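The residues making up each chain are set out below.
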Amino acid sequence: MKILFRLMVFTGKYWVLLLLAFVCLLITTASGLAIPWILGEAIDTVASQGERSFLIWAVVVVFSATTLRGISAYGYSYLSVVVSQKTCYDIRNKLYEHLQRLSFAFHDQAQTGQLMSRATTDVEAIRMFVGRGLLGLIQMFILFIGISYILVSINWQLALLTLAFLPFVGWRAISNSRHIRPMWLKIQQLMAALGTTLEENLTGVRVVKAFSHQAEETQKFSADTTLLYNEHIRVARQMALNVPLMVFLISIPTALILWYGGQQVIAGTLTIGNLTQFILYLGMMAMPVRRLGFMTNLLSRTISAGQRIFEILNTRPMIQEKIDAIEAGILKGQINFEDVSFSYNLTTPALKNISFSVKPGELVALVGNSGSGKSTIAHLIPRFYDVKSGRITIDGIDIRDMTIASLRSNVITAQQDVFLFSATIRDNIAYGATSASKEQIIEVAKAAYLHDFIQSLPDGYNTWVGERGITLSGGEKQRLAIARTLLVNPSILILDDSTSSVDAETEYLIRRALDKLIKGRTTFIITHRLPIIKNADLILMLKEGQIIERGKHDDLLAKNGLYQQIYNSQLSVTIVSGETQEEE
Amino acid sequence: MYQGGRGGPQVHGTFDADEDEALGKVYNSRVIKRLPKYLGPVKLWVALGAGGMMVRTLAALALPYLVGIATDKFIQAGNLSGLNIIAVAFVGVGLLVWAGQYLETLFLSYAGQAILYRMRTEMFAHLQRLSLSFFDRSKVGKLMSRVQNDVQQVQELLTSDVLNAVTSVLTLIGIAGVMIVMDVRLALLTLTVVPVLGVVIVIWQKYARRAFIRVRRAIAMVNAQLQEGISGIRVTQSLSREEINLRQFDGINEIHQKANINAAKLQSLMMPLVEILTGVAYSLVIVFGGYQVLAGEMGPGVLIAFLLYIQRFFNPVLELTMLYTELQRAMASGSRIFELLDIEPEIKDSPQAIEMPLVKGELKLQQVSFSYQSGVEILHDIDLAIRAGETVAIVGRTGAGKSSLVNIITRFYEVDKGAVIIDGYNVRSVTQQSLRRQIGIVLQDPFLFSGSIADNIRYGHIDATYQELIEAAQIAGAHDFITHLDHGYDTLVGERGSNLSAGQRQFICLARAILANPPILILDEATSNIDTNAERLMQKSLHSLIKGRTCIIIAHRLSTITNADRIIVLEKGKIVESGSHQELLDKQGLYYHMCEAISTFTKNNMFNL
Ligand SMILES: Nc1ncnc2c1ncn2[C@@H]1O[C@H](COP(=O)(O)OP(=O)(O)OP(=O)(O)O)[C@@H](O)[C@H]1O
Ligand SMILES: Nc1ncnc2c1ncn2[C@@H]1O[C@H](COP(=O)(O)OP(=O)(O)OP(=O)(O)O)[C@@H](O)[C@H]1O
Ligand SMILES: [Mg+2]
């Protein structure tokens, strides 16, 4: 109920339209109710050899009633679509906005397919409810009362006989939909599972092919499909038992009216016209009663859809801006880590007591083995995650005291996993600075040593990049990511293993170009190739989330520690080949 | 009627609207011709269901007739026993409706689900056969919507739309027929509204069709925007582009809303139309029928029956107009499905393809040229011979074509010219499956499936024992970090392995290839995100493993490959140098330059030592 109420808040904004729709619906219902009545009167007139003039009058009434009904039905149908579409427009925007704001921690856990289904299928369920269920339920109620009243006033015995059936039919409809609901839920889950299998298979198609797993994948998929098939069959059986039964149950009162009412007509206590009215009204009532099941289904679907949507909307982004957060402006880039600890999940810490300080314009290198926490540090500076303890300051200000937007416009990361959008190369480079001029784009492309390659393509900068950049080589993707980062012109630049798929020479050229571009900026470089960070102002060697060595290249070499060992091993191979193998 | 999913959960038209294909023709012979194949196996069910449908329709038609008879023959005449009979007959006909609808609901659902199952698995299996070049061109979202939504559309076409159309037409004809039998003049008079309705509907359709196409397109746009918005979220946040994305989404969302409202305007138009025509029909019956009754030429029962029939006449009409759109959509879906099913895999096993036996691993490339798109040649006249058991490193500038070389050895793509020969077998003459069993490959992009780490490593060798699994992980150097994770080998990895560091993902991919235990091992920058120490250790443990195996290593970090038996330098799609590390250094060619680049960083000229 609370969920319905919250959903209605979205609709509430359009209460004027909703009210208008409701008025239309009332008119529809009322004029609809008038039609069988006047038809019955007409029949009586002709059956009892009454006035011809009454027929003309009846025609006028019937015609105006149907016209009125038609026009108001149009109004209702149109207005309810407007209200439901506007409601869903708001919900969808809100969801999208929220998804954009939710922090990395949320997206680490979430599955794209799942989120998609909330913004599509679930929003659609709500649209159905707002469009048809909300007022439809009220209309059903009014119709039921109206018809009962008319029938009772015509002939109460016959009315009782007829109406006695309806609660039973209604109850069957509801209990049937209760029965079927869990099955639908199951189907929904199975569909989602099927979707996930399909999506992973398609995105991982190279791996599937490399390991010749087509047969196994097909088997897995058809297992999913079989489950879905079985569940659908179960639903079909349930439906086959119930739907026709209900239709039959509704035809029984008609038979009763015919039989018992017919006797009354013969006995003279009821007119033929009344009998007709009964049959016509019953016909009018049959539909809503049968739809009772649909409505209850809709209602519970809406509630579960609402639940799933609010589950997202209720998730507060882990990263919250303080109310009195300040606009950081352009930062100089003096960074302090003060005893920073962090963990992704609550159990294993990813960073332990990290402290270091960087002066503006310095070059910092983060090195260390896989999983030692280098990328994690890179994630903390733009505040993609919040530290667990300790604090990070830039220019002396705790990053949690700045607005997120102003912080992130100062700190830009070229992430380790390159994600490209299916758009042109130009749009991808300009992703973070849409207003960049062509010259600027070319300039950063040159700095990333990408310009020549782009020029060699038939469509140049307008070349369409396939999904996730599928048609580019690994190094090309990485260089594109560097270019797009450079274009933003941040005061703090983080390159997370951004040249791992680039050959040493190109990397060297990029570094040289970068040296010019990053002059004056604080730069973090994460890499496994030690020689390239030799001239860094600060080198941090990480291991299991801790800094185990720090200092300048020469200091570290002098220390005889891990750094020296790795550095020498990387160097030695460039001097004498094969021998290193034998030495070890 | 239950329609196997309509009204139930549905994935909504993801990427559905292929530009102008949102709605097709109502009758597309290319699609229709293919359908019998799917109907064949379920024809008994369809027949039973269709039979039930007929019974239901005809029985439902009889009910107002019975009311008319009851009134004129028995009630007017005061015939009580006749009335009893009619009441019983009425219930009997009701039972027929019940039985008919039972058969219809059950068997049409059976048939529908069986067709869905068959089409889905067929499409999936077909997708598995298609070559990578196809996937380079396609969007995952679009393919998904083929298998999920389009299939459902076609299934509905086969098991409900067509039959519904038939029933509706049958009902209309039936009602007209009964009316005519009951009173020709009144019937014809009432039916004059039909041509009017027909004309209006034809005009309406033209506008409605356009409106519906716009709706389908808008849905596709919303979905595409959502999809990229979600999967690219990390880039968006790090480049602070949320506002722009929001504005873009808002724009598309609004287009979607407008398109829907516009379509609703048109769709709702049918209501007043039908209502007014019903009113006209009622009026005609009351006036002319009423006069006839007054004149004693007709019983009031006929009048009542006519009114009841009019009440039922317009539902099928409305249904038919809706069905018209449904049919168009289904045809469009059908043609998309068959278009996909008709795509021949560019790489197929030849009919004479043989199973490649376990090879020793001798590899030859003879005059191989290759391009992804015709006109842009990536590899030119490559000649390369690798002995069984040799370890060969391939180096070269980024974009030189190293990964492409691997792609043709595994026959992910077909060469334009020349031949790839393994142990004397041309890769084109053997089955792809037997070929790839010989080759274990670690791809440049470390893709993991969601599931446990153990499942991911086992991917290459499903029935490996736990012991083998651990050994492979140990050789890859992954064992240590895995055991440090909270749930060890049972740790679940997220989409694409999102909760692991990049290096950790590479370790797992390595373990996966090692466990597959193939005679030929290809590592395409398999250790680019792994530190040199770990890499060194891994290479040592790999060394014992790869003894006797052919090994191709692609790497940019030259320290990785100095021990290789041979180093091949690729430049702009050509092999420019080949030899051992020392030989190449002595040559002072491109390789020497690449090494020099590293030493430039170190600012000592190492080569003078
Ligand atoms: N699927 C594809 N479709 C079209 N072009 C492609 C495709 N894959 C790669 N290319 C192009 O082919 C060329 C060679 O790419 P390849 O991946 O073989 O390079 P590489 O030597 O592996 O480079 P890197 O070291 O950067 O990974 C590149 O210019 C790339 O843009
Ligand atoms: N999103 C995440 N959720 C949970 N754990 C994570 C997540 N990202 C990383 N980890 C874990 O945190 C630890 C540190 O990871 P991080 O990505 O910082 O390593 P790294 O030093 O960058 O390694 P690499 O050199 O492989 O990129 C690893 O053990 C990793 O498994
Ligand atoms: Mg990392």
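Each remark here, short or long, concerns the structure printed above.
Quick caveat, the model's predicted, so the values are computed rather than measured.

### Focus: the overall build of chain A
- Scanning chain A for helices and strands turns up 20 helices and ten strands.
- The C-alpha atoms of chain A give 36 Å as radius of gyration, which overshoots the globular expectation for 584 residues (25 Å, by more than 25%).
- For chain A, the C-alpha atoms occupy an extent of roughly 120 × 55 × 50 Å along the three principal directions.
- Summed over its atoms, the accessible surface of chain A is roughly 22800 Å², and 59% of this surface lies on carbon and sulfur atoms.
- Computed over 54 positive and 48 negative side-chain charges, the inter-centroid distance for chain A is 9 Å.

### Points about the site of ligand 1
- Lining the immediate environment of ligand 1, one finds 23 residues, of which Ser473(A), Gly475(A), Glu476(A), Ser403(B) and Ser404(B) sit closest.
- Each of chains A and B places residues near ligand 1.
- Between Thr398(B) and ligand 1, the recorded distance is 2.9 Å, taken from a side-chain N or O atom to an oxygen atom.
- Between ligand 1 and the protein, one listed contact pairs an oxygen atom with a side-chain N or O atom of Glu525(B) at 3.3 Å.
- Considered on its own, ligand 1 offers 630 Å² of accessible surface; in the complex 91% of this is hidden by protein.
- Among the secondary structure elements, those contributing two or more residues to the shell around ligand 1 are α16 (474–488) of chain A together with α12 (402–409) of chain B.
- Its residues assigned to classes, the shell around ligand 1 comprises seven nonpolar, twelve polar and four charged.

### Observations regarding the site of ligand 2
- As a structural note, the neighbourhood of ligand 2 is formed by 22 residues, with Ser375(A), Thr376(A), Ser501(B), Gly503(B) and Gln504(B) the closest of them.
- Residues lining ligand 2 come from chains A and B.
- Gln416(A) is positioned with one of its side-chain polar atoms (N or O) 2.9 Å from an oxygen atom of ligand 2.
- The contact in question runs from a nitrogen atom of ligand 2 to an N or O atom on the backbone of Asn499(B), over 3.4 Å.
- Against a free-state accessible area of 630 Å², the protein chains account for coverage of 89% of ligand 2.
- Those elements giving two or more residues to the shell around ligand 2 turn out to be α11 (374–380) of chain A together with α17 (502–516) of chain B.
- Of the residues assigned to the shell around ligand 2, the class counts are five nonpolar, 15 polar and two charged.

### Considering the sheet that holds strand β9 (residues 538–543) of chain A
All names here are of chain A.
- What the six strands build is an open sheet, ordered β6-β7-β8-β3-β9-β10; its pairing is mixed. Both outer strands of the open sheet, β6 (411–414) and β10 (546–551), are each paired with one neighbouring strand and no more. When the angles between neighbouring strand axes are averaged without regard to direction, this sheet yields 20 degrees.
- Across five bridges, strand β3 (residues 363–368) lies against β9 in parallel orientation. Residue Gly-368 lies in a different strand from β9, and its bridge partner there is Leu-542.
- Sitting on the sheet, α16 is in contact with β6 and β7 (492–496), with an inclination near 170 degrees to β6.

### Looking at the coordination of the magnesium ion (ligand 3)
Residue and element names in this part refer to chain A.
- Binding of the magnesium ion (ligand 3) to the protein goes through Ser-375 (OG) and Gln-416 (OE1), at separations of 2.0 to 2.1 Å. Of the two residues, Ser-375 is situated in helix α11 and Gln-416 in the loop between β6 and α13 (425–429); the sequence distance between them amounts to 41 residues. This pair shows no difference in class: Ser-375 is buried, exactly as Gln-416 is.

### So, the interface of chain A and chain B
- Contacts between the two partners involve 179 residues from chain A, matched on the other side by 175 residues from chain B.
- Summed over both sides, the interface of chain A with chain B buries roughly 16700 Å², with 65% coming from carbon and sulfur.
- Where chain A packs against chain B, one counts five salt bridges.
- When the shortest N-O distance is used, the salt bridge between Arg206(A) and Asp136(B) registers 2.8 Å.
- The interface formed by chain A and chain B holds 38 residue pairs in polar contact (both at pLDDT 80 or more) in total.

### Concerning the pairing of strand β1 (residues 335–342) of chain A
All names here are of chain A.
- The element β1 is largely enclosed, with a buried count of six among its eight residues.
- Across five bridges, the pairing between β1 and strand β2 (residues 351–358) is antiparallel. The partner of Val-340 across the bridge, within β2, is Ile-354.
- Taken together, the five bridges between β1 and strand β4 (residues 389–394) define a ladder with antiparallel strand orientation. Residue pairing in the sheet places Ile-335 in a bridge with Ile-394 of β4.

### Quick notes on the pattern of salt bridges
- One pass over the full model with this rule turns up 36 salt bridges over all chains.
- Here Arg69(A) and Glu275(B) are joined by a salt bridge, their closest N and O atoms 3.0 Å apart. Of this pair, Arg69(A) sits in helix α3 (residues 52–101) while Glu275(B) sits in helix α10 (residues 242–294), placing the two residues on different chains.
- Note that Glu311(A) is salt-bridged to Arg118(A), the shortest N-O span being 3.0 Å. Of this pair, Glu311(A) sits in helix α10 (residues 272–314) while Arg118(A) is found in helix α5 (residues 112–154), placing the two residues 193 residues apart along the sequence.
- Here Glu311(A) falls in the partly exposed class, since its relative accessible area comes to 48%.

### Here's the deal with the environment of Lys37(B)
All names here are of chain B.
- By the element assignment, Lys-37 lies in helix α2 (residues 36–39).
- Relative accessible area serves as the criterion here: at 44%, Lys-37 is assigned to the partly exposed category.
- In sequence terms Lys-37 and Glu-362 are 325 residues apart; their C-alpha atoms lie 46 Å from each other.
- In contact with Lys-37, not counting residues within four places along its chain, are Arg-118 and Glu-122.
- In terms of polar contacts, Lys-37 uses its side chain to reach the side chain of Glu-122, at 3.1 Å.

### Things to note about the packing of α5(A) against helix α8 (residues 193–231) of chain B
- In contact at an axis separation of 10 Å, α5(A) and α8(B) are set at 140 degrees when each is read in the N-to-C sense. The orientation of α5(A) with respect to α8(B), classified from their angle, is oblique. With respect to the hand of their crossing, α5(A) and α8(B) are arranged in right-handed fashion. Seen from α5(A), the contacting residues are Thr112(A), Leu115(A), Met116(A), Ala119(A) and Thr120(A); seen from α8(B), they are Asn223(B), Leu226(B), Gln227(B) and Ile230(B).

Conventions used here
- Residues numbered from 1 in each chain as written.
- Chains lettered and ligands numbered in written order.
- Predicted model: local features only at pLDDT ≥ 70, side-chain atom pairs only at ≥ 80, totals over all residues.
- Heavy atoms only, no water.
- Helix = DSSP H or I, 4+ residues; strand = E, 2+ residues; numbered from the N terminus.
- Rg over C-alpha atoms; globule rule 2.2 N^0.38 Å.
- Areas by Shrake-Rupley, 256 points an atom, 1.4 Å probe, with all protein chains shown as cover.
- Lys, Arg positive; Asp, Glu negative; His and termini not counted.
- Charge placed at Lys NZ, Arg CZ, Asp CG, Glu CD.
- Near = heavy atom within 4 Å.
- Polar contact = N/O pair within 3.5 Å; in protein donor to acceptor, adjacent residues only side chain to side chain.
- Nonpolar A, V, L, I, M, F, W, Y, C, P; charged D, E, K, R; others polar.
- Pairing = 2+ DSSP bridges.
- Axes fitted to C-alpha atoms, helices over the stretch in contact; angles between N-to-C directions.
- Contact = heavy atoms within 4.5 Å.
- Donors = N, O, S within 2.8 Å, 3.2 Å for Na, K, Ca; no water.
- Buried < 20%, exposed > 50% of the residue type's maximum accessible area, 1.4 Å probe, protein only.
- Buried area = accessible area lost by both parts, 1.4 Å probe.
- Salt bridge = Lys/Arg side-chain N within 4 Å of Asp/Glu carboxyl O.
- Parallel < 35°, antiparallel > 145°, perpendicular 65-115°, else oblique.
- Left-handed = near helix turned anticlockwise from the far one by under 90°.

Scope: geometric values only; no functional claims are made or implied.
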